Amino acid sequence: MKFFRKIHLWLSVPFGIIITLICFSGAMLIFEPEITRSVNSHVYYVAEVKEQPLPMEDLMESVKSTLPDSVSITGVTVFKDKSRTYQVNLSKPRRASMFIDQYSGEITGKYERLGFFSTMFKLHRWLLDSANPHGEGLKVGKLLVGISTLIFVIALITGVIIWWPRARKNFKRSLSIPFSNGWKGFWKGLHVAGGMYALIFVLAMSLTGLTWSFDWYRSAFYAVCGVEHTPRSFGQQNGQSTEGKAHGDKGEDREGRGKRGGRGERGERGEHGERGEHGHWNHEHGDRHDRGEHGRGHRHSEFARWQQVYDQLNAQNPDAPQITISQESASVTLGTTGNGRASDRYEFNRRSGEITSTSRYADSKEADKLRGWIYAIHTGGLGGMTTRILWFLGALLGASLPLTGYYIWIRHLRRKKEPNKAH
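The following refers to the structure shown. Keep in mind it's a predicted model, so treat the numbers as computed, not measured. (Residues numbered from 1 in each chain as written. Predicted model: local features only at pLDDT ≥ 70, side-chain atom pairs only at ≥ 80, totals over all residues. Heavy atoms only, no water.)

## A word on the pattern of salt bridges
Using the criterion set out here, one finds nine salt bridges in the structure. With a closest N to O distance of 2.5 Å, arginine 218 and aspartate 215 form a salt bridge. With arginine 218 and aspartate 215 both in helix H9 (residues 215-224), this residue pair falls three residues apart, about one helical turn. Using a relative accessible area of 5% as the deciding quantity, one classes arginine 218 as buried. Taking the relative accessible area as the measure of exposure, aspartate 215 reaches 45% and is therefore partly exposed. Here aspartate 368 makes a salt bridge to arginine 371, at a shortest N to O gap of 2.6 Å. In this pair, aspartate 368 and arginine 371 are both assigned in helix H13 (residues 366-379), three residues apart and thus about one turn of the helix distant. (Salt bridge = Lys/Arg side-chain N within 4 Å of Asp/Glu carboxyl O. Helix = DSSP H or I, 4+ residues; strand = E, 2+ residues; numbered from the N terminus. Buried < 20%, exposed > 50% of the residue type's maximum accessible area, 1.4 Å probe, protein only.)

Here it is in structure tokens:
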């Protein structure tokens, strides 16, 4: 038992602060989509829900008229919630998107990650490492996150080994957090019992999170799951929405991931189509005067069949949380599985709008399915709001474990010094 105590202590001490930062920042990201939509409700929600939206072709041409020639529309995502604005995905900046009120045709804004969540994400993935996370070479912050997470897994397992002998004698007491013994008893109880309460959640987050840190671990993880690791299929990367994907901006170690079509650090844009301070462009809000040129009479519009395809897929999938239409392809997100990335994919003839092929999620590669489940487990999305709340509380408890552990360790060191002082 002494051996496991030493491992638990001397691995935790140097990496404890980093573990706390990783867990805390992860907890902060869990409800990012809801908070972002609440703070910027004017961007994500329409002013008034009307009986029928404007034709998708008109809306896309309206957005296109505000874009510079170097930027194109790659797709549009329509949500089941009729009060949500359409999300128009753009070719650049990377994973950029704009939102348009489908009833009035007003462009309501662009995707912008709130500064707090941008900081939390960089802290969670790279410890605020200033190195380009998509570039080549050693990424120190990312490496430290991976090592610290691995250390956390070992600390959790050794913690259980240390806890079990006492738990067998008095199981109920071992899972209690006493308030009668002052702060000393509270912090120790929070460390021991709190660690047991959070164990399943933080282990799930850690074991899945490591798949984005180390190639060798990812290959082993897939192998243990009985799946051969393969590159993500193109269809999963194309034209997907940013919805609900802010927290995990993690891909197959290339941080590029596309999650899919919109996550990570979207580009900031300046005003009126000019390059902003971050080197990206922006649109002019709410202008509709250019729509006449590209409106209903524009027979050769590249978006001419998008509405037709959407109407057909929506009729076939009335419960789908969201449907994305792209150039000659479409995807329908499934709402019947804990894997929030599960979707059926379609290809269509851009001239006639006829759907030419269908790729069902049920028939997709096992590796692609597993990727979605890894993300769902890591973020707590596999069971909806209930599991996300549990994951949030678990991550906060996980963040407290190193701090309470430091408290117990420092008190122990002080007690060892007190007899020496007495002499």
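What follows continues from the structure just given.
## Some points on the sheet that holds strand S4 (residues 107-110)
Across the sheet, eight strands lie side by side as S4-S3-S2-S1-S5-S6-S7-S8; this open sheet has antiparallel pairing. Two strands bound the open sheet, and with one partner strand each, they are S4 and strand S8 (355-359). Across this sheet, the average inter-strand angle for adjacent strands is 20 degrees, counted without regard to direction. Here strand S5 (residues 322-326) runs beside strand S6 (residues 329-333); their pairing, made up of four bridges, is antiparallel. For isoleucine 325, the partnering residue across the bridge sits in S6 and is alanine 330. Together, strand S1 (73-79), strand S2 (86-90), strand S3 (97-100) and S4 form the strand contacts of helix H4 (residues 56-64), whose direction differs from that of S1 by roughly 130 degrees. Set on the sheet, helix H12 (residues 306-316) makes contact with S1, S5, S6, strand S7 (343-348) and S8; between it and S5 the angle comes to about 150 degrees. (Pairing = 2+ DSSP bridges. Axes fitted to C-alpha atoms, helices over the stretch in contact; angles between N-to-C directions. Contact = heavy atoms within 4.5 Å.)

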